[in-house]
Amino acid sequence: MKNTFIYIVLLWSTFAISQNEQLAQYYYDKGDFEKAKIAYEQLLNSSPSNTQYFLRTVESYQQLQQFDVAQKVIQERYNRYKQGVFLVELGYNYQLQKNDSKAKSYYEQAIEKIKTSPNDVYGIGSSFEKKVLLEYALKAYETAMQVQPNYNFNFQIGMLYGQLGKTDTMIDLLLTESYKNPQNSNLIQTQLSRFMQGETDNTAFKDAMRKALILKTQKDQDVFWNHYLSWFYVQQKEFGKAFIQEKAIYKREPESLMSIVNLSQFAMNEDDDETATEILNFILQNTKDVDLLIQTNAYLMQIKIDNAQEKDYPLINTELQQLLATYDITPFSLSLQIIQAHFLAFNLKKPEEGKTILKRALDLNLNDYQRADAKMELADILLLEEKFNQALIYYSQIQLDLKNDVMSHEASLKAAKTSYFKTDFEWALKQFKELKSASTQLIANDALEYFLLINDNTVADSTQTALKQFAKGDFLIYQNKKPEAIAQFQNILKSFKGQEIEAVTMLRLGKIYESQKDYNSALSQYQQIIDNHSDGIYVDEALFFSAEIYNDELKDVEKAKPLYEKVIFNHQDSIYFVDARKKYRELRGDKNL
């Protein structure tokens, strides 16, 4: 009983401290430093040795310009613990009062402290970094390494050089550190990526990285540098150049194709079909692993199908039959069976043959994920045939069999789209609403798009007349009936001119025209959205898609730049904002907006 009472008291005490800490943090973040000071003083009284509480108390004093009080408590703290970090705090307290000579004196004392107590570098260096005193932080780490040669702060020093604008020194130091301590390579590559992308994206840094790595490969024949250069080219999405490095590595280390297989995935994910095809053919020529041969052939066939015209269909059909004759109908060749079923149903318009292949596959000894793959494709074909309820049964089975899995979420999205296609908008809206928070970003974005589509057009038209016509057009796209879909959407523009549905209809038409490589017609649709629906929710997409056409397809950089620019400055909440900023900076060749 006594132990239980003590446990309850301790538990309550911990809870109370946690609540008080949250309150103090709230006041601090809000800028109410008078209340924050009182709260942190109370916390510090309950935990006198807590450095975090102490530093926040000092910061509150400084925000209130109570510098004498701050100096007194910092000095007392230093006298008690003799830690060099408090010398930095004393110096910074003087710096805030514009007393630079006093500040410098304490900063130098902190550096000297490292010479006699090297372990102090961790607190001192970190404190200098937090206060953006980068030169002193650099000096602290370098001093520690001079005193204790077994200390390694090359990563911290390299990052500081980068922040100081000395990128060549940074690159050389971090690459050298990667080579000497390969276990740090992932961390270093992550930081180098940040300098190449996002807020620090700039051509000069990329050029410096490229030159440094090429020099390393020329001076040192270690394949480590080929791996590093391949990684660099992947970051730049220059998969062809990465492949050259990977082939050089494989020539010297032919034990594994895994890096080359991964590279093919990167190229496919970025729709670089030409490079992906080259890599996949290389894999076919250099492996005898049956699983890898089947999967590689499956990827190659999918690329061929995605880029095929109707005249190519007979040859593709023959190739698929030959591959399945070679590898037999087994669980191992399931990916090829699914591709064949989809091709027969969606391209050759032979859904019955496609379903027969999948039902035969489901009789094989499949694992849960293989079974879900086969069921997903079977449901897709049933949906193609407008057998909505049967399709929903299979999607639901996947959801139940693989709860909380990405494939389950994908099945949920397809089930929601099925309800949408059959104009059961109320049920579809509920499903899309739930999927907006899906962990997979692509699924969440897709769900949000349909949620807004249904919601906005229901508010604008309670009869949902236009929305029903629109859903029919979307279903024609799903059925790969593009000419019919174009006619359907054009009819919507005539029948519902000026209504809520107009802008998204133009967007759909633009994407269909793009898929047909009719870029002028696509641009015309997007321009109408930009001109007539500039205050709507689709204008960011119209701007971005137009910019992509000019940049990637028509190679008209001068027309692409202002379109990317409008996304950046006028649509910061767009899902295309990051990509637009990156493309814009690449076109400008600098990092500043």
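Let me begin by describing the structure that accompanies this report. All of these numbers come straight from a predicted model, not from anything done at the bench.

Regarding the overall build of the protein
- When helices and strands are tallied, the protein shows 32 helices and zero strands.
- Dimensions along the principal axes, computed over C-alpha positions, put the protein at roughly 85 × 70 × 65 Å.
- Counting only contacts in the protein whose residues sit at least 6 apart along the sequence, the fraction spanning at least 24 positions is 50%.
- Carbon and sulfur atoms form 49% of the exposed surface of the protein, whose accessible area is close to 31,000 Å².
- Between the centroid of the 67 positive side chains of the protein and the centroid of its 80 negative side chains there is a distance of 4 Å.

Considerations on helix 6 (residues 100-116)
- For helix 6, spanning 17 residues, the distance from its first C-alpha to its last is 25 Å, which sits close to the expected 24 Å at 1.5 Å a residue.
- Among all positions in helix 6, only A103, Y106, Y107, A110, I111, K113 and I114 are buried. Burial along helix 6 is one-sided: seen end-on, the buried residues are contained in an arc of 150°. Of the exposed residues in helix 6, those oriented more than 90 degrees away from the buried face are S101 and T116.
- Check the buried side of helix 6 and you find it contacts helix 4 (67-81), helix 5 (85-95), helix 7 (121-130) and helix 8 (134-147).

Concerning the nonpolar core
- Grouped together as the largest cluster of nonpolar side chains are 90 residues, with contacts concentrated most on Y420, F432, L453 and F470.
- The greatest single-element share of this core, amounting to nine residues, is contributed by helix 21 (residues 368-384).
- Beyond its immediate stretch of four places on either side in the chain, F470 contacts Y420, L453, F489, I492, I501, V504, T505 and R508.
- Counting 83 residues, the second largest nonpolar core, distinct from the first, contains L43, A103, L229 and M268.

Let's talk about the layout of surface pockets
- Taken as a whole, the second largest pocket encloses approximately 540 Å³ of empty space.
- Forming the walls of the second largest pocket are 19 residues, and the residues nearest its centre are E59, Q62, E89, Y92 and K131.
- Mapped by element, the contributors of at least two residues to the lining of the second largest pocket are helix 3 (51-63), helix 5 and helix 7.
- Per-element tally for the lining of the second largest pocket: the top contributor is helix 3, with six residues.
- When the residues that make up the lining of the second largest pocket are grouped by side-chain class, the tally is six nonpolar, nine polar and four charged.

Considerations on the packing of helix 11 (residues 185-196) against helix 12 (residues 203-219)
- The interhelical angle for the contact between helix 11 and helix 12, taken along N-to-C directions, is 140°, at an axis separation of 8 Å. The angle between the axes of helix 11 and helix 12 places the two elements in the oblique class. Along the contact surface, helix 11 presents L192, F195 and M196, while helix 12 presents F205, K206 and M209.
- For the contact of helix 11 with helix 12, the class distribution of residues is five nonpolar, no polar and one charged.

Rules behind the numbers
- Residues numbered from 1 in each chain as written.
- Predicted model: local features only at pLDDT ≥ 70, side-chain atom pairs only at ≥ 80, totals over all residues.
- Heavy atoms only, no water.
- Helix = DSSP H or I, 4+ residues; strand = E, 2+ residues; numbered from the N terminus.
- Contact = heavy atoms within 4.5 Å.
- Areas by Shrake-Rupley, 256 points an atom, 1.4 Å probe, with all protein chains shown as cover.
- Lys, Arg positive; Asp, Glu negative; His and termini not counted.
- Charge placed at Lys NZ, Arg CZ, Asp CG, Glu CD.
- Expected span 1.5 Å × (residues − 1).
- Buried < 20%, exposed > 50% of the residue type's maximum accessible area, 1.4 Å probe, protein only.
- Arc of directions from axis to C-beta.
- Core = buried A, V, L, I, M, F, W, Y, C linked by side-chain atoms within 4.5 Å.
- 1 Å grid on protein atoms, 1.4 Å probe; cavity = no way out; pocket = protein on both sides within 12 Å on 5 of 7 lines; lining within 4 Å.
- Points joined across faces, edges and corners; volume = space filled by probe spheres on them.
- Nonpolar A, V, L, I, M, F, W, Y, C, P; charged D, E, K, R; others polar.
- Axes fitted to C-alpha atoms, helices over the stretch in contact; angles between N-to-C directions.
- Parallel < 35°, antiparallel > 145°, perpendicular 65-115°, else oblique.

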